[in-house]
Structure formats: structure tokens, C-alpha cells
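A closer look at the structure
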Amino acid sequence: MRAEISALVDDIKQAIALLRRHLDWDAASKRLDYLNSRAEDPDLWNDPDEAQKLMQERQRLEEMTGAIKAFDQNLADSVELIAMGEEEGDQDTVTDAEEIIKAMQGDIEKMSIEALLSGELDSSDTFVEVHSGAGGTESQDWASMLFRMYSRWAERRGFKVELQEYSAGDEAGIKSATILVKGHNAYGWLKTETGVHRLVRISPFDSNDRRHTSFSSVGVYPVIDDNIEVEVLDKDIRIDTFRSSGAGGQHVNTTDSAVRITHFPTGIVVTSSEKSQHQNRANCMKALRARLYDMEMKKREDAAAASHDGKTDIGWGHQIRSYVMQPYQLVKDLRTGVESTSPQDVLDGALDPFMEAALAAKVDGAKGDVDDLN
């Protein structure tokens with residue numbers, strides 16, 4: 001076997017081992033056996049919501065375990081074919097088997113990324129908040145561009161987007177806006193976008209055509225399942241109602257139904273501007289619980305990172321990506337080095353390469369941990 005293919009086989013074997021480790025193979029197999037037995041229980045559908053969750057979990061485990069078994073078998077078959085072809089001098093068989101192995105590498109890399117979206121809340125719907133930074137109209141216009149970018153990304157994936165809050169800018173753009181993105185793994189993908197985003201361009205608001213740099217921040221928070229307890233005490237919050245300005249057009253909400261909830265211990269403020277005050281209160285509480293849960297998770301992550309042999313990572317809220325429109329066309333992720341020379345495509349929602357790279361960095365980290373153990 002050629003050295004190049006032998007090294008590729010070793011890489012694929014390591015990737016399969018990581019997938020098994022990440023899935024916790026023995027526990028997943030037992031869980032799948034349990035879910036299969038529950039699926040045969042006629043009483044399961046007495047609770048449709050619970051039944052649907054179990055069936056979704058069953059499908060995910062079946063897909064994951066089935067794919068890993070297929071990778072194992074295909075790799076073993078291909079290695080055997082190469083050995084047979086080399087022994088019989090059949091180069092066509094060797095070449096065909098090598099091509100199968102090369103194709104497997106791309107497939108298993110994609111699956112490794114998808115496997116990372118199996119955290120407790122990765123499959124959840126998510127809130128995406130965009131806030132303009134200092135800089136007035138420039139920053140507010142940039143915030144509106146980011147707001148559109150995430151809406152377009154979600155639409156491309158077939159996710160549902162619901163506007164939760166919208167605060168128009170003084171002259172253009174937005175001061176802040178929040179959308180609820182509904183779809184499988186919405187949080188798992190979008191959590192990679194949390195941080196500060198930087199834009200460099202010739203300002204359309206500058207009569208002297210000068211180049212400006214603008215900053216806006218993005219926050220991503222999972223929708224918390226009712227089964228996860230996040231305590232919010234009545235004494236810790238203030239609920240205000242106010243007249244919302246809306247997002248413009250005929251659907252502007254002009255009643256005093258918008259709701260703002262302030263959480264005193266953390267200073268978190270959430271708002272919702274739907275037509276129903278009752279719905280707005282529910283939306284705000286859901287958003288507040290999501291923010292509090294996310295804050296607690298970040299504390300745990302920071303504590304774990306601080307104790308991990310001095311290793312550092314990009315902190316939440318720091319600059320993660322630059323979008324340069326002039327003097328050249330470039331979008332660069334400062335965490336992974338991934339670049340695009342088509343900023344307009346990125347702003348139209350072509351974010352998958354950046355998200356995949358951010359998740360893949362965790363795969364590389366896991367490989368490093370495995371190497372450390374060897």
C-alpha cells in the first residue's frame with residue numbers, strides 16, 4: 001500500500017475512533033435498544049410531544065451508529081481490495097479502492113463536524129441578538145447588514161425566522177434586533193457566531209468618501225427546554241410595558257403591548273414587540289432564561305479553559321471576524337483563518353464554511369487530546 005494511502009487509512013481510523021468516543025458507543029447502543037423497544041409500545045403516543053422527542057432521538061442515534069458501522073466496513077473492504085489488487089497485479093482494483101478511501105475522508109470529516117452538534121442544547125432553536133457598537137449611523141447600518149445576513153443564512157437552511165425585537169437606528173440601520181431561529185441544530189451552528197464583527201468600507205454616509213471601520217456584536221442563546229430548571233425570582237425582575245416603534249411598514253406595532261424585562265442581579269434586559277402583551281411576556285421570560293443559562297455555561301467554559309494547562313481560546317464577546325469591502329474584498333475569520341474573497345456572498349448568508357471551520361477546530365482539539373494520551 002502506498003505511503004499516502006496508508007497515512008490516510010490511519011487518519012480515517014482515528015476519526016472513527018473519535019466518533020465512537022464522542023458518541024459514547026456502548027451507552028448509545030444501549031440507549032438505541034431502549035428507544036427501539038419504546039417505539040413498539042402502543043401507549044407511547046399518549047403523550048405526542050414526548051413521543052416525538054424520543055423518535056427524533058432514535059433517528060439520530062440510528063443514523064450515527066449506522067454511519068460509523070458503514071465507515072468501518074467500507075474501510076476494511078477497501079484495504080482488503082488494495083491488498084488483493086497488489087497481490088494479483090490488478091492496478092484498476094487498487095486505484096478504485098484508493099478512490100473510495102479518499103472519498104471517505106471527506107465524508108467522515110463532515111460527520112465529525114455534525115457529531116459536535118450533539119451537546120445538550122445544540123439541537124435547540126436559538127435567539128440571535130445583534131447590537132450596534134459605538135459609531136452612530138455607521139455602526140447601526142452595519143448591525144442591520146448582520147441582521148439580514150443571519151436571516152438569509154437561516155432561510156437558506158429552511159429554518160423559520162421570527163422577529164422578537166427591533167430597535168430602529170436614528171437615521172439608518174438598527175440599534176438592536178433579536179430573531180428567534182427555529183430549526184434542527186439552529187443553536188449548534190449559530191453559537192459559533194457569538195462575538196464582535198468588524199466592517200471596513202467606504203461609507204455611503206460620508207460625502208467625502210472616506211473609509212470607515214464599524215463594529216457590531218452578536219449574541220446567540222439557546223431556547224431552554226422547560227425540563228431544564230433556570231430559577232428566575234419575581235423580586236429579581238422588573239417588567240415594563242411600552243409602545244414599540246416596530247420594524248417599519250404597515251405592521252408597525254403602535255399599541256402599548258411591547259414588554260421589557262430587566263434582571264437586576266445580572267443587568268440583563270430583554271424585550272419583545274409582538275402584538276400580544278401576553279405573548280411578549282412569555283417571549284421575554286423565555287429569552288431571559290436562555291440568557292441566564294448561557295451565562296452559567298460560559299462561566300463553566302471559562303473555568304475549564306483557565307485550568308487546561310494554560311491553553312487559551314477566543315473569549316465570548318471578542319472580535320471574531322473582519323469584513324473588508326475596501327480597498328480589497330475579503331472576509332477573514334480571526335479564529336480559524338478561513339477567508340472569502342466575496343463579502344457580498346457572505347453577507348447574503350454564505351456562512352457555512354466559517355461555521356464548519358469553527359466547529360472543526362474542536363475536532364482538531366479532540367485529536368490533540370487523543371495524541372496527548374498516546
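Scroll up for the structure.
These lines cover the structure that appears in this document, whether it is placed above or below. (Residues numbered from 1 in each chain as written. Predicted model: local features only at pLDDT ≥ 70, side-chain atom pairs only at ≥ 80, totals over all residues. Heavy atoms only, no water.)

1. So, the overall build of the chain
Secondary structure summary: the chain contains 9 helices and 11 strands in total. Out of the 374 residues belonging to the chain, those deemed buried represent 41%. Considering only intrachain contacts with a sequence separation of at least 6, the fraction spanning at least 24 residues in the chain is 62%. Only carbon and sulfur atoms are counted for the fraction: they give 47% of the accessible area of the chain, which is about 20,000 Å². (Helix = DSSP H or I, 4+ residues; strand = E, 2+ residues; numbered from the N terminus. Buried < 20%, exposed > 50% of the residue type's maximum accessible area, 1.4 Å probe, protein only. Contact = heavy atoms within 4.5 Å. Areas by Shrake-Rupley, 256 points an atom, 1.4 Å probe, with all protein chains shown as cover.)

2. Some points on unusual backbone geometry
Going from Q326 to P327, the amide bond is cis rather than trans, its omega being 10°. One can find P327 in the loop between β9 (319-324) and β10 (330-333). Positive phi, close to 60°, is recorded for D24, a residue that is not glycine. Counting through the fold element by element, D24 comes out in the loop between α1 (3-23) and α2 (25-39). D24 sits in the partly exposed class, given a relative accessible area of 45%. Phi at N185 is positive, roughly 65°, even though this residue is not glycine. With respect to the helices and strands, N185 occurs in the loop between β3 (174-182) and α6 (186-190). Residue classification places N185 among the buried positions, given a relative accessible area of 6%.

3. Here's the deal with the packing of aromatic side chains
Taken as a whole, this structure holds 3 aromatic pairs when the rule is applied. For the pair F147 and Y166, a centre-to-centre distance of 6.0 Å together with 75° between the ring planes defines the contact as edge-to-face. You can see F147 sitting in helix α5 (residues 137-156) and its partner Y166 sitting in strand β2 (residues 160-168), a full 19 residues away along the chain. A relative accessible area of 16% means that F147 is categorised as buried. Between W153 and F159, the ring centres sit 5.7 Å apart and the planes meet at 75°, which makes this aromatic pair edge-to-face. (Phe/Tyr/Trp six-rings, centres within 6.5 Å; stacked < 30°, edge-to-face > 60°.)

4. Digging into helix α3 (residues 48-88)
Think of an α-helix as 3.6 residues a turn; residues three or four steps apart then line up on the same face. An ideal rise of 1.5 Å per residue puts 60 Å on 41 residues; α3 measures up with 58 Å between its terminal C-alpha atoms. All of the buried residues along α3 are A51, L54, L61, M64, T65, I68, F71, L75, S78, I82 and G85. Taken together, the buried residues of α3 touch α1, α2 and α4 (91-115). Residue G89 follows α3 closely and has a positive phi angle near 70°. (Expected span 1.5 Å × (residues − 1).)

5. Details of the sheet that holds β3
Read across the open sheet, the 8 strands follow the order β2-β3-β1-β5-β4-β9-β10-β11; overall the sheet is mixed. The open sheet has two free edges, formed respectively by β2 and β11 (339-340), since each of these has just one partner strand. Contacting β1 (126-132), β2, β3, β4 (195-202), β5 (211-222) and β9, α5 runs over the sheet at an angle of about 45° to β5. (Pairing = 2+ DSSP bridges. Axes fitted to C-alpha atoms, helices over the stretch in contact; angles between N-to-C directions.)

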